[in-house]
Amino acid sequence: MKDDHSIYNLFTSRIVLAFLLIESTFKPILKYFEWHHGGVRINISIIYAVFFLLLIGILIVRLSVWKKFKMHKDIFLAASLLFLIAVIVIASYPSIVSANIHRIQEYYLFYFSSTIIRSFLYFFSGFYLLQFLEKKRFVRLILISWGVYTAVIFAFSVMKGGILDATLFALNGNHNYLMMADAYALLSIILIVSQVTLSRKSIFILISILALFLLKSRASMYAFVFVSFATLVRFDKRFIWGVCIALLLGLWQLDVLESIRSVANHRMFRVLIGEDNSATMRSDIMSIGLEGIKQHWFLGQFMGDVLQKEKTGNYIHNILSYWRQFGLIPFVLLVYLIFKNYTNLIYAVLTHGWNPRLDFIFFYGFYVLALVLFARSFMYPSIWIIFSAVPVYFNTQRK
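Reading the values: the criteria
- Per chain, residues are indexed from 1 in the order of the written sequence.
- Local features in this predicted model are restricted to residues whose pLDDT is 70 or higher, and side-chain atom pairs enter the listing and the counts only when it is 80 or higher, whereas totals over whole chains, interfaces and linings include all residues.
- Here the side-chain values reflect all heavy atoms present in the structure, with hydrogen atoms and water set aside.
- Where helices and strands are cited, they refer to DSSP runs of H or I of at least four residues and of E of at least two residues respectively, numbered from the N terminus.
- Relative accessibility thresholds used throughout: buried, under 20% of the residue-type maximum; exposed, over 50%; partly exposed, between the two (1.4 Å probe, protein chains only).
- Residues are treated as being in contact if the distance between any of their heavy atoms lies within 4.5 Å.
- All accessibility values rest on the Shrake-Rupley procedure with a 1.4 Å probe; residue burial counts only the protein chains present in the view.
- By the criterion applied in these results, polar contacts are pairs of N or O atoms within 3.5 Å in which, for protein atoms, one can donate a hydrogen and the other can accept it, and in which residues neighboring in sequence qualify only through two side-chain atoms.
- Each patch is assembled from residues with relative accessible area greater than 30% and no salt bridge, linking like charges that lie within 9 Å and nonpolar side chains (Val, Leu, Ile, Met, Phe, Trp, Tyr) that lie within 5 Å.
- By convention in these notes, a salt bridge is any Lys or Arg side-chain nitrogen within 4 Å of a carboxyl oxygen on Asp or Glu.
- In this tally, Asp and Glu contribute negative charge and Lys and Arg positive charge; neither His nor the terminal groups of the chain are included.
- Throughout, a charge is located at the NZ atom of Lys, the CZ atom of Arg, the CG atom of Asp or the CD atom of Glu.
- For this analysis, a nonpolar core means a set of buried residues of the types Ala, Val, Leu, Ile, Met, Phe, Trp, Tyr and Cys, connected via side-chain atoms within 4.5 Å.
- Given the number of residues in a helix, its expected span is that number minus one, multiplied by 1.5 Å.
- Axis lines are fitted through C-alpha atoms, for helices just across the contact stretch, and the angle between N-to-C directions can take any value from 0 to 180 degrees.
- Should an angle lie under 35 degrees it is considered roughly parallel, over 145 roughly antiparallel, and from 65 to 115 roughly perpendicular; all remaining angles are considered oblique.
- The handedness criterion is simple: a crossing whose near helix is rotated anticlockwise from the far helix by less than a right angle is left-handed, and one whose near helix is rotated clockwise is right-handed.
- Working note: the arc is built from the helix axis to C-beta atom directions.
- Stacked, tilted and edge-to-face pairs are distinguished by plane angle, under 30 degrees for stacked and over 60 for edge-to-face with tilted covering the rest, among Phe, Tyr and Trp rings (Trp via its six-membered ring) whose centres lie within 6.5 Å.
- Note on geometry: a ring has a charge over it if NZ (lysine) or CZ (arginine) is within 6 Å of the ring centre and within 35 degrees of the ring normal.

**Student:** Can you help me understand the overall build of the chain in this one?
**Tutor:** Along the chain, the regular secondary structure elements total 19 helices and two strands. Looking at the 399 residues of the chain, the share that counts as buried comes to 49%. Summarising the internal contacts of the chain: among those between residues at least 6 apart in sequence, 78% fall at separations of at least 24. For the chain, the accessible surface area stands at approximately 20,100 Å², while carbon and sulfur atoms represent 68% of it.

**Student:** Sorry, what's going on with the environment of Ser 228 here?
**Tutor:** Residue position: Ser 228 is located in helix H10 (residues 218–235). Among the residues examined, Ser 228 registers a relative accessible area of 3% and is labelled buried. As for Ser 228 and Ile 189, which are separated by 39 residues in sequence, their C-alpha atoms are 8.7 Å apart. Excluding its chain neighbours within four sequence positions, the residues that come into contact with Ser 228 are Ile 205, Ile 209 and Phe 363. Here Phe 224 takes part through its backbone oxygen, which lies 2.7 Å from a polar atom of the side chain of Ser 228.

**Student:** What should I look at first to understand unusual backbone geometry in this one?
**Tutor:** Non-glycine residue Lys 216 carries a positive phi angle of around 70°. Following the sequence through the fold, Lys 216 ends up in the loop between helix H9 (198–215) and H10. Located in the positive-phi region is Met 303, a residue other than glycine, with phi close to 60°. Among the structural elements, Met 303 can be located in the loop between helix H14 (277–295) and helix H15 (304–309).

**Student:** Would you take a moment to explain a positive patch on the surface for this structure?
**Tutor:** On the surface, a cluster of positive charge is made up of Arg 14, Lys 135, Lys 136, Arg 137 and Arg 140. In terms of residue count, the dominant contributor to the positive patch is helix H7 (residues 136–155) (three residues). Residue Lys 135 is classed as partly exposed on the basis of its relative accessible area, which comes to 46%.

**Student:** Looking at this structure, how should I read the nonpolar core?
**Tutor:** It is characteristic of soluble globular proteins that their nonpolar side chains tend to be buried jointly. Core analysis: the biggest nonpolar cluster contains 113 residues, and Phe 360, Tyr 364, Tyr 367 and Trp 384 have the highest contact counts within it. When residues of this core are assigned to their parent elements, the largest contribution, 13 residues, is made by helix H8 (residues 177–193). If near-sequence neighbours (up to four positions away) are discounted, Phe 360 is found in contact with Leu 129, Leu 130, Leu 133, Leu 186, Ile 189, Ile 190, Val 193 and Gly 365.

**Student:** I would appreciate a short explanation of a nonpolar patch on the surface in the present structure.
**Tutor:** A cluster of nonpolar side chains, namely Leu 84, Trp 297, Phe 298, Leu 299 and Ile 329, defines an oily patch on the protein surface of about 510 Å² accessible area. Tracing the backbone through its elements, the reader meets Ile 329 in helix H17 (residues 328–351).

**Student:** I'm lost on H17 in this one. Help?
**Tutor:** Owing to its 3.6 residues per turn, the α-helix aligns residues three or four sequence positions apart on the same side. Taking 1.5 Å of rise per residue, the 24 residues of H17 would be expected to cover 34 Å, and the 35 Å separating its terminal C-alpha atoms lies within 8% of that figure. Listed as buried for H17 are Pro 330, Phe 331, Leu 334, Leu 337, Ile 338, Lys 340, Asn 341, Tyr 342, Leu 345, Ala 348 and Val 349.

**Student:** What is the right way to read the packing of H17 against helix H18 (residues 356–374) from this model?
**Tutor:** Geometry of a packed helix pair, given as the angle between the helix axes and the separation of the axes. Contact geometry of H17 with H18 gives a least axis separation of 11 Å together with a crossing angle of 140°. Here H17 lies oblique to H18, going by the angle between them. Note that H17 runs across H18; the crossing there is left-handed. Counting all contacts with H17, which are made through Ile 338, Tyr 342, Leu 345, Ile 346, Ala 348 and Val 349, the residues of H18 involved are Leu 358, Ile 361, Phe 362, Gly 365, Phe 366, Val 368 and Leu 369.

**Student:** Before we go on, may I ask you to explain H7 in this structure?
**Tutor:** The first and last C-alpha atoms of H7 sit 28 Å apart over 20 residues, in line with the 28 Å expected at 1.5 Å per residue. Those residues of H7 not exposed but buried are Phe 138, Val 139, Ile 142, Ser 145, Trp 146, Tyr 149, Thr 150, Val 152 and Ile 153. For H7, the angular spread of buried residues about the axis comes to 155°, placing them on one side. Seen from the buried face of H7, the exposed residues on the opposite side, beyond 90 degrees, are Lys 136, Arg 137, Ile 144 and Ala 155.

**Student:** Help me understand the packing of aromatic side chains in this model?
**Tutor:** The description of an aromatic ring pair uses the distance of the two centres, along with the angle that the planes make with each other. Here the structure, examined in full by the defined rule, presents 35 aromatic pairs. Ring geometry for Phe 52 versus Phe 120: centroids 5.1 Å apart, planes at 85°, classification edge-to-face. Of this pair, Phe 52 sits in helix H2 (residues 44–65) while Phe 120 sits in helix H5 (residues 104–125), and the two are 68 residues apart along the sequence. Comparing Phe 52 with Phe 120, the two get one shared label, buried. An aromatic cluster is defined as three or more aromatic residues linked by ring pairs; in this entry it consists of Tyr 93, Tyr 108, Phe 110, Tyr 111, Phe 112, Phe 302, Tyr 315, Tyr 322, Phe 326 and Phe 378. Geometry around Tyr 8 places Arg 62 over its ring, the cationic atom sitting 5.8 Å from the centre. Over the face of the ring belonging to Tyr 380 we find Arg 376, whose NZ or CZ atom lies 5.7 Å from the ring centre.

Now the structure itself:
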C-alpha cells in the first residue's frame, strides 16, 4: 500500500510540477513570441487537457483502492464548488453553441479551459507546491526559470519617452500582458519566499517590480508592490526604517512635482492621477454586468457577456463575475471559502513563525485575493491554489 501511495504521489507531483513550469514560464514566453514576433504556435490548452485527464484518472484509480478516505471539510467544499461550476458550464453548452455568433464554439472552449481545466490544475497544485518549496532542486529550477523569463522581458524592452517600455503590441491584435504578468508574479513569489535573507528578498522584489512595470498590468504590479512590502515587514521589521530613509532621500534629491508630471500620461500611472480609458471601459462593463445579475440573480448566465456582446472580454472584472456567470449559490460558496481560508491564514501569520510555506500562501494568497476582489474575473483561476494550500498547510502543522 505504501509503495502504491508513493507511485501515486510521484506521478501526480510530476504532473503538477510540469503544469507550474509551463504556466509560469514556458506558456507566457511562448505566447509572447507567437503573438508579438510571429513565432511558432503550440496549443497549451491541449497539454492542460491531457494533464487534467491524467489527474482525474489517477484520482479515480486511487480512490477505488482506498478503503478509508477522509477529506478536510474545506477542501471538500472547494472541490464541491469546482464540481458545481463544471456542471453549470457543461449544462450551458447546448444553449450557448446554438447562438448565432461567429466562433461561439471556440469561445466556449476557451471559457471551459479556464473555468474548469485550469482551475482544477491550480487546485491540485496546492496539494504539492508547499512540499516543493522545501526542495533545493525545485528552488534552483525556479531561479533558472525566473532568470530566463526576466531576461526575455528586459531584452525586448525599449526606451520610450525617457522611460523603459516593453514591446507588448501584438501582430494580430491579441494582448497577453495580463497572462504574462500573472505568470511572472507567480514565478517571482515562489522564488522570493525561498530566499532566507532580507537582502536577497529585496533584490528579487525590486527586479520583479520593474519587470511587472514593463509588462503593463497595473493591477498585478500594484498588488505585488503592496503585498511584497507587507511580506518584507513580516520577515524583518527593520525593512520599515530602510523604506523611510529611502523615501526621505528620494524626496530630498528629486523634484517630486516634475517627476509626477513626467509620468502622468504613462499607462501604469494614469489611473492614479487622471482619466483612464481602460478604467472607464471597465466601469461600463461593470454596469452591464450588474444589469445581467439583476436579470439572472439566482441561476446566473454562463457566458452571458458573450451572448450579449458577441465577443469575449466583456465580463465583470472582479469577484461579482462569479455571480453573473454561475449564479447566487456558487457565489455564496466562493465568498465563504475566501472568508474561511483567509481568516485561517491571518491566524497563522499572527501566531506562527516564519517559514517558506506560510510565506508563500501569505504572499501569493493576498496577491491573488486583491486581484480577484478588484481586477480579475472568474477566468482568473489562481485563487484555487489557495483553497487547497491553506488546509494542507494546517494539516502538516498538526503532524
